[in-house]
Amino acid sequence: MRGKKTSAITAIALTVFLAGCGAPSATTNAPSASPAATGATNASTATPAAKKVTITAQGFKPDQKEKNDQLDQRIARFKAKNPNVEFKKDDWQYNPLEIGIKMASNSAPTEYTTYATEGKVLVDKKWVADITDSMNAWEHSKDMNDLLSKPFVVNGKTYGVPIDGYVMTITLNKKLFKEKGVDLPPMDWTWDDLLAAARKINDPAKGIAGFIPMGKGPEAGWNWTNFLYAAGGDVQKLDGGKVVGIFNSDAGLKALEFYKKLKDENLIPQNWALGYGDALSAFSQGRGAMVMCGSGNAADAAINEGGISKEDMVVYPMPALTKGGKHTGVLGGNYRVINPKSDKDQQTVAFKWITDEYFTDDFLNSTKKEIEDRKTKNRVYIPQPINYWKDSSDFGKKYTDLLAKYDNVFKYDPQLLSLWDGKPEAQYEAQKYYTEMANVIQKVFTTKDVDLKKALTDASNKVQTEVFDKVKVE
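Residues numbered from 1 in each chain as written. Predicted model: local features only at pLDDT ≥ 70, side-chain atom pairs only at ≥ 80, totals over all residues. Heavy atoms only, no water.

### Quick look at the overall build of the protein chain
Under the convention used in this document: The helix and strand labels rest on DSSP assignments: H or I over at least four residues marks a helix, E over at least two residues marks a strand, and numbering proceeds from the N terminus. Think of it in three bands: with a 1.4 Å probe and only protein chains considered, a residue is buried below 20% of the maximum accessible area for its type, exposed above 50%, and partly exposed in between. For this analysis, residues touch if any pair of their heavy atoms sits within 4.5 Å. Surface accessibility in these figures is a Shrake-Rupley result with a 1.4 Å probe; residues are shielded only by whichever protein chains are displayed.
Each helix and strand counted, the protein chain has 18 helices and 13 strands in total. Relative to its full complement of 474 residues, the protein chain shows a buried share of 58%. At a minimum sequence separation of 6, the contacts of the protein chain that also span at least 24 residues come to 80%. On the protein chain, roughly 19,300 Å² of surface is accessible, and the fraction owed to carbon and sulfur atoms is 49%.

The structure is reproduced here in structure tokens:
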């Protein structure tokens, strides 16, 4: 869900542009600076030295002086290695409501940053270039994370380069389990395992909830969609050029029934109307045993703001509906794409520009500096559990080895990465869908004998007529 991750996503995306001009944040693992990039230029992506090529890079508003200065520094580093390339800057930031106009007027930048949700729609509308050949010729193509790359691989062709990403997870406070004498559930857990654990930890008299869902605003629908996915459902499909909602399904009903159990058994906070920050704050204060979140943000808040030991935090994948099922969670993130209306030389240079500072030692050095800076402040470094690289790549191994040298680094259970499964957010009007589902969830949490099927049907009909039917798919 983009709405409540705006600041984190912006920071992550900026790191790609601003690489090397400062240490990345604890949850930001985008490429860093490379005054002498380690990646070799191969023949398929090299531009003849004699030919001048001009590309328009995505920049920032004039009042964002520091960010523009840092972008200029990155451009200077690139031009030092590629003197035939000239740059223009465009401060337009991707907006689903504006991209059509930008493409129609041929005014979109040569490259721009977009979201995981946009992959198929941008491909369908031919608003992104096919970069399969450039990707295949790149020496690091085999090192890219397949799961994170998935939203921009359509029909076997590649249309975007991942910057960062997340798969929704559930973070557990092991301290509360210990205090209650309760064993942790298996990491290959199910909805029933989550309920059983929540029942044992739940202590309303002490203000401790077994599970903290987000219940206010679009994030409530965002949270719930993870259970829709885990039950085998989906939000929408394309049918004859029309967007059709399909969340009014057996899977959707099962997900609502699960939420009703949480409320009926009083397993959620008495004040359940919690937004993103509210839920993480409650968890960091020890007022709940489990909370749903993307990336390591819940652990970061609990450890560095709540003072909870990193040894008392553990991150689980979303629970499967039944034993042996998929641990499917919402997959989101940011991606760099290329304008298909730019010419071939511009597209070639744009790909080089996008990937130039990936897989560099300077990123490792900046990570090292961030970890050491945090250690002097008695703070813990929370790495991203998923990155643009494969952990098994040479670069991934270097990164893992670096983290292992420090005792103030949070570690994820290896089972998490082997179990989780990411499914991208809905591609059309996801925020409006989330908002309407938040209304349904609030009915579930406030109405004792709510008719779940009717509530889901009413929501589906409303979203279809007021939102999906108005989407024009070319």
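### Focus: the side chain of N408
Basically, it comes down to this: Pairing of N or O atoms within 3.5 Å defines a polar contact, subject to two protein rules: one partner must be a possible hydrogen donor and the other a possible acceptor, and residues neighboring in sequence count only if both atoms are side-chain atoms.
With respect to the helices and strands, the residue N408 is situated in the loop between α15 (394–404) and α16 (414–419). Its relative accessible area of 5% is what places N408 among the buried residues. Looking at N408, its side chain comes within polar contact range of the main-chain oxygen of I371, at 3.0 Å. At a separation of 3.3 Å, a polar atom in the side chain of N408 contacts the main-chain carbonyl oxygen of R379. Excluding its chain neighbours within four sequence positions, the residues that come into contact with N408 are K310, I371, R374, K375, R379, V380 and Y381.

### Some words on unusual backbone geometry
Of note, the phi angle at K126 is positive, near 60°, even though the residue is not glycine. As for its position among the elements, K126 is in the loop between α4 (119–124) and α5 (132–137). By relative accessible area, K126 is classed as exposed at 65%.

### With respect to helix α18 (residues 452–466)
Stated precisely, the cut-off is as follows: Each helix should span, by expectation, one fewer than its residue count multiplied by 1.5 Å.
Here α18 spans 21 Å end to end across 15 residues, near enough to the 21 Å set by a 1.5 Å rise per residue. On its buried side, α18 packs onto α9 (218–230), β9 (242–245), α10 (250–264) and α17 (430–446). One side-chain oxygen at the N-terminal end of α18 lies 3.2 Å from the backbone nitrogen of K453; it belongs to D451.

### Regarding the packing of helix α11 (residues 276–284) against helix α12 (residues 297–305)
How two helices sit against one another is set out by the angle between their axes and by the gap between those axes. Convention followed: For helices, the fitted axis covers only the stretch in contact; all axes are lines through C-alpha atoms, and the angles between them, taken along N-to-C directions, range from 0 to 180 degrees. Should an angle lie under 35 degrees it is considered roughly parallel, over 145 roughly antiparallel, and from 65 to 115 roughly perpendicular; all remaining angles are considered oblique. Put simply, a crossing is left-handed when the front helix is turned counterclockwise from the back one by less than a right angle, and right-handed when it is turned clockwise. Under the convention adopted here, Pro, Cys and the residues Ala, Val, Leu, Ile, Met, Phe, Trp and Tyr are nonpolar, Asp, Glu, Lys and Arg are charged, and Gly plus all remaining residues are polar.
Direction vectors running N to C along α11 and α12 enclose 50°, while the axes themselves pass 8 Å from each other. Accordingly, the angle class assigned to the pair α11 and α12 is oblique. Crossing of α11 over α12 shows right-handed handedness. Between α11, through Y276, L280, F283 and S284, and α12, the contact on the second element is made entirely by N297, A298, A301 and A302. Of the residues assigned to the contact of α11 with α12, the class counts are 6 nonpolar, 2 polar and no charged.

### Here we look at the pattern of salt bridges
Selection criterion: We define a salt bridge as a side-chain nitrogen of Lys or Arg found within 4 Å of a carboxyl oxygen belonging to Asp or Glu.
Applying the stated rule across the entire model yields 27 salt bridges. We note a salt bridge from R374 to E370, for which the minimum N-O separation is 2.9 Å. With a gap of 4 residues between them, R374 and E370 both fall in helix α14 (residues 361–376), about one helical turn apart. Using a relative accessible area of 12% as the deciding quantity, one classes E370 as buried. A salt bridge links E436 to K462; its shortest N-O distance comes to 3.4 Å.

### Looking at the sheet that holds strand β10 (residues 290–293)
Heads up, the condition is: Pairing between strands requires that DSSP locate at least two bridges from one strand to the other.
Pairing is antiparallel across the open sheet formed by 3 strands, whose spatial order is β10-β7-β11. The two strands at the open ends of the sheet, each matched to only one other strand, are β10 and β11 (313–317). Within this sheet the neighbouring strands show an average axis-to-axis angle of 30°, counted without direction. Relative to β10, strand β7 (residues 169–173) runs antiparallel, the two sharing 4 bridges. Paired with T169 across the two strands is C293, which belongs to β10.

### Let's talk about the packing of α9 against α17
Packing of α9 against α17 brings their axes to within 7 Å, and their N-to-C directions diverge by 85°. As summarised for this structure, α9 and α17 are arranged roughly perpendicular, according to the angle between their axes. Counted together, P218, A220, G221, W222, W224, T225 and L228 of α9 and Q431, Y433, Y434, T435, M437, A438 and I441 of α17 form the full contact between these two elements. Its residues assigned to classes, the contact of α9 with α17 shows 10 nonpolar, 4 polar and no charged.

### Here's the deal with the pairing of strand β1 (residues 53–58)
In summary, the side chains of a regular strand alternate between the two faces of the sheet. The condition that has to hold: Handedness rule for crossovers: strands pointing away from the viewer, path from the first strand over the helix to the second running clockwise, crossover right-handed.
Judged by how many residues are buried, β1 sits mostly within the fold: 5 of 6 residues are covered. Bridge count between β1 and strand β2 (residues 85–90): 6 bridges; the pairing is parallel. When the bridges of β2 are listed, V53 appears paired with V85. Following the backbone out of β1, through helix α2 (residues 65–81) and into the adjacent parallel β2, one traces a crossover that is right-handed.

### A look at the nonpolar core
Test applied: As used in this record, nonpolar core signifies buried Ala, Val, Leu, Ile, Met, Phe, Trp, Tyr and Cys residues forming a set joined through side-chain atoms within 4.5 Å.
Ranked by internal contacts, the top residues of the largest apolar core, which has 147 residues, are Y112, W224, Y259 and M290. With 9 residues, α17 is the largest single contributor of residues to this core. When neighbours within four sequence positions are excluded, Y259 is seen to be in contact with P213, N223, W224, F227, M292, I441, V444 and F445.

### Considerations on the environment of L280
One can find L280 in helix α11. As a C-alpha pair, L280 and N297 span 17 residues in sequence and 8.0 Å in three-dimensional space. Those residues in contact with L280 that lie beyond four places of it in its chain are M214, C293, N297, A298 and A301.

### Digging into the packing of aromatic side chains
This is how it is decided: Centre distance within 6.5 Å is the pairing criterion for rings of Phe, Tyr and Trp, where only the six-membered ring of Trp is used; planes under 30 degrees apart are then read as stacked, over 60 as edge-to-face, and the remainder as tilted. The rule is short: NZ of Lys or CZ of Arg within 6 Å of the ring centre and within 35 degrees of the ring normal puts a charge over the ring.
Across all of its chains, the model carries 32 aromatic pairs by this definition. Ring centres of W389 and Y399 lie 5.0 Å apart, and the angle between their planes is 70°; on these two criteria the pair is classed as edge-to-face. Here W389, found in the loop between α14 and α15, pairs with Y399, found in helix α15; they are 10 residues apart in sequence, far enough to count as distant. Exposure remark for W389: the relative accessible area of 0% places this residue in the buried category. One aromatic cluster in this structure is built from W138, F351, Y358, F359, F363, Y388, W389, F395 and Y399. Above the ring of W353, the side-chain terminus of R74 is found at 3.8 Å from the ring centroid. It is K423 that lies over the ring of Y229; its NZ or CZ is 5.4 Å from the centre.

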